[in-house]
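Report on the structure
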Amino acid sequence: MRQTQGTKGQTSAPASVCPSMEFLKKNTLPFLLVFVSMYIHGTPSQGADPARQRKPFFERLRRLEEQFQRFQQVTLTHLQDIASNYNVYYNMDARFQGLVEQSQAIALAMNQSQAAIQGDVAQLKTWFRKSQRRSRKMDARLQALDLSLNTKNRQWVEEEKEQKAQREATASLAVSFRALQDALASLTQQVHSQDARLAVLEGQIQRSSPSTVALGLTTAPSPTQLAHRGPGSLQLWRKSQASKSSSQHRSSSQDFTVHVQEMQKSQAPSNHQAASLRTYQGPGNICGTGPVLIFPNTSTENVIFLSPGLLVPLRALTFCSWVRMATSYLGTLLSYATDDNDNKLVLHGRDSLVPGSIHFVIGDPIFRELSLQPLLDGQWHHICIIWTSVEGKYWLHVDRRIVATGSRFREGYEIPPGGSLVLGQEQDTVGGEFDSSEAFVGSISGLAIWDRALLPGEVANLASGKELPTGALLTLTNVTSVGGFVQRVKCTCLEQCP
């Protein structure tokens, strides 16, 4: 294409030169006439011979014509150079235009590549943040596993010590029982020998004082007397004595067995007491708790937002609610996230190593593992989790009973305000990035949050269905958004809710 354009430029050059040549040819004759007239006017001043004068004239005219031809050739050469330069300039302009288009295409491709790289970098940053969060959670799980293993090891050591002590006590009891049996056997032999001696003494007494029978005194017949009476009487006497000794032996051994059983009963709690500690009879008729929020499944859209969130810093906290679980594990009850930490305050059970336990998180990764095993029976239960920064004390109330307590948990810490508070999901960012495996499935009612530690009497009143203590920061009346498949129903009493 470029060679074709150059050829076109060269073929078009004579077309641009020809007008100049014709212009010179047309103006040559007037120029010669002017020149000849000037020469004729100058000839009289010479005063030479006409023949001599004509000869220089033609010579000059010839030289002028040669000069004019050379001038014409030079002019034609310059015009051709100009035409060729024009063609070159035209080709350069086309090439420059092509280069401009190529540079624009390259710039567009670079912009697209830069946008793609920026998108990849953003994805890498998101993946890196998620990896950091997961690594923190994994570290927390490992710490919890280490703590639980240490606790289990201590429990196993203590149980082994108790079992060893019980085995030793049982062995000592068995030795004592065998020694008592031997003592009873020797005592039985002594009783038999004493019976024989008594029988001899009775015979001697009867022989020495026969008037005792007349006086109405009855004594046991001796073996000698029974032998005089007949062999049947002697056999009956021996059977009666054997039955007496065996009954005495049985009574003594039975008394010992009963004493051992009473000791075991006094050392171990009765089955009725253990059953009363494990069995929960239900909340009774609990009414007037307000609306009931039902989370039917693990969808990431099942989330409830509370507004306003925490408006002031919290140095103490009480979270109370009626809860009924619909699955065999605990999901996320509460999640409070800020810009600098997405787990400022969390109650969730996904990372718990023990089913039926929940992580009480204040300022990730610090947490305490609390057991909520009674909540997995599908019944309504009342829970209260209380924390204060003074000495880091915390309490867990389940159905009016304190089931867990501790200290040195976030001592002197302050929960900052201005975050996002949601129910039913665990936030990985402020107000988003939910995970279906961390969702809560069940029902919630009567939820409330205070900025102080409630007294045991106030917790008992709440669990009995009485009025809320004063000063609640948030309740279910502060719900601003109910997402997904969450249902909000009104029930007169909790037992009537679906």
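Criteria and cut-off values
Residues numbered from 1 in each chain as written. Predicted model: local features only at pLDDT ≥ 70, side-chain atom pairs only at ≥ 80, totals over all residues. Heavy atoms only, no water. Helix = DSSP H or I, 4+ residues; strand = E, 2+ residues; numbered from the N terminus. Buried < 20%, exposed > 50% of the residue type's maximum accessible area, 1.4 Å probe, protein only. Areas by Shrake-Rupley, 256 points an atom, 1.4 Å probe, with all protein chains shown as cover. Disulfide = S-S within 2.5 Å. 1 Å grid on protein atoms, 1.4 Å probe; cavity = no way out; pocket = protein on both sides within 12 Å on 5 of 7 lines; lining within 4 Å. Points joined across faces, edges and corners; volume = space filled by probe spheres on them. Pairing = 2+ DSSP bridges. Axes fitted to C-alpha atoms, helices over the stretch in contact; angles between N-to-C directions. Contact = heavy atoms within 4.5 Å. Salt bridge = Lys/Arg side-chain N within 4 Å of Asp/Glu carboxyl O. Core = buried A, V, L, I, M, F, W, Y, C linked by side-chain atoms within 4.5 Å. Patch = residues over 30% accessible without salt bridge, like charges linked within 9 Å, V, L, I, M, F, W, Y side chains within 5 Å. Phe/Tyr/Trp six-rings, centres within 6.5 Å; stacked < 30°, edge-to-face > 60°.

Of regular secondary structure, the protein chain possesses 7 helices and 15 strands. Buried positions account for 30% of the 498 residues belonging to the protein chain. For the protein chain, the accessible surface area stands at approximately 31,500 Å², while carbon and sulfur atoms represent 57% of it.

Turning our attention to the state of the cysteines. Among covalent bonds in proteins, the disulfide is the one between the sulfur atoms of two cysteines. In the structure shown here, the tally under the stated rule is 3 disulfides. Linked covalently through their sulfurs, C320 and C384 form a disulfide whose S-S length is 1.9 Å. Since a negative S-S torsion denotes a left-handed disulfide, the C320-C384 link at about 120° is right-handed. Highlighted residues: C320 in strand β3 (residues 316–325) and C384 in strand β8 (residues 381–388), separated in sequence by 64 residues. Assigned by exposure class, C320 and C384 land together as buried. A sulfur-sulfur separation of 2.2 Å characterises the disulfide bridge that pairs C491 with C497. A residue is classified by how much of its surface remains accessible, and C491, at 16% relative accessible area, is buried. Each bonded cysteine of the protein chain is numbered by sequence order, and under that numbering the disulfide pairs are 1-5, 2-3, 4-6.

Once that is clear, we can look at the layout of surface pockets. For the largest pocket, the calculated volume is near 410 Å³. What lines the largest pocket is a set of 16 residues, among which A144, L147, S148, T151 and E369 lie closest to the centre. Residue assignment for the lining of the largest pocket shows that the elements contributing at least two residues are α2 (50–208) and β7 (367–371). Ranked by residue count, the leading element in the lining of the largest pocket is α2, at 7 residues.

Turning our eyes to something else, we now look at the sheet that holds strand β6 (residues 357–362). In a beta sheet, neighbouring strands pair by backbone hydrogen bonds and run either parallel or antiparallel. With antiparallel pairing, the 7 strands of this open sheet are ordered in space as β7-β6-β5-β4-β11-β2-β14. Edge positions in the sheet fall to β7 and β14 (479–482), since each of these pairs with one other strand and no more. The sheet shows a mean angle of 20° between the axes of neighbouring strands, taken without regard to direction. Direction of pairing for strand β2 (residues 304–306) relative to β14: antiparallel, over a ladder of 3 bridges.

Turning to its location among the elements, H348 is positioned in strand β5 (residues 345–348). A relative accessible area of 6% places H348 in the buried class. When the C-alpha positions of H348 and H359 are compared, they lie 5.5 Å apart, and in sequence the two are 11 residues distant. Ignoring sequence-local partners within four residues, the contact set of H348 consists of G331, T332, I358, H359 and V361.

This part covers the pattern of salt bridges. Considering all chains together, one arrives at 13 salt bridges under this definition. Across the pair D342 and R133 runs a salt bridge, and its minimum N-O distance is 3.9 Å. Note that D342 is positioned in the loop between β4 (332–337) and β5 and R133 in helix α2, a separation of 209 residues in sequence. A single burial state applies to D342 and to R133, both of which are buried. Taking the shortest distance from any N to any O, the salt bridge between E458 and R452 comes out at 3.2 Å. Looking at R452, the relative accessible area reads 27%, which means it is partly exposed. Several salt bridges converge on common partners, so that one network encompasses K137, E426, D428 and E438.

Another aspect to go through is the nonpolar core. F360 and W387 are the most contacted members of the largest nonpolar core, which has 41 residues in total. If one sorts the elements of this core by residue count, β3 sits on top with 4 residues. Leave out the neighbours within four places in its chain, and F360 touches L345, V346, L347, I366, F367, R368, L370, I385, W387, Y394 and F409.

Residues M138, L142, L145 and L149 make up a contiguous nonpolar surface patch of about 350 Å² in total accessible area. Position of L149 among the secondary structure elements: in helix α2. The exposure class of L149 is partly exposed, given its relative accessible area of 42%.

A few words now on the pairing of β6. Buried residues dominate β6, accounting for 6 of its 6 residues. Side chains of β6 alternate between two faces, with S357, H359 and V361 and I358, F360 and I362 buried alike. Pairing geometry for β5 and β6, over 4 bridges, is antiparallel. The residue of β6 that forms the bridge with V346 is V361. Summarising the sheet, β6 and β7 pair through 5 bridges and their orientation is antiparallel. Across the sheet, residue H359 finds its bridge partner in β7, namely E369. Connecting β6 to the next strand, β7, in antiparallel fashion are 4 residues, including G363 with a positive phi near 70°.

Glancing now at the packing of aromatic side chains. For any pair of aromatic rings, the description rests on two quantities: the centre-to-centre distance and the angle between the ring planes. Taken as a whole, this structure holds 4 aromatic pairs when the rule is applied. Arranged with centres 5.4 Å apart and planes meeting at 80°, the rings of F295 and F440 form a pair that is edge-to-face. Note that F295 is positioned in strand β1 (residues 292–295) and F440 in the loop between β11 (420–423) and β12 (442–450), a separation of 145 residues in sequence. For the ring pair Y394 and F409, a centre distance of 5.8 Å and an interplane angle of 80° mean the geometry is edge-to-face. Residue Y394 is located in strand β9 (residues 393–398), and its partner F409 is located in the loop between β10 (401–406) and β11; the two are separated by 15 residues in the primary sequence. Relative accessible area serves as the criterion here: at 10%, Y394 is assigned to the buried category. Among the aromatic residues, those joined into a ring-pair cluster are F360, Y394 and F409.

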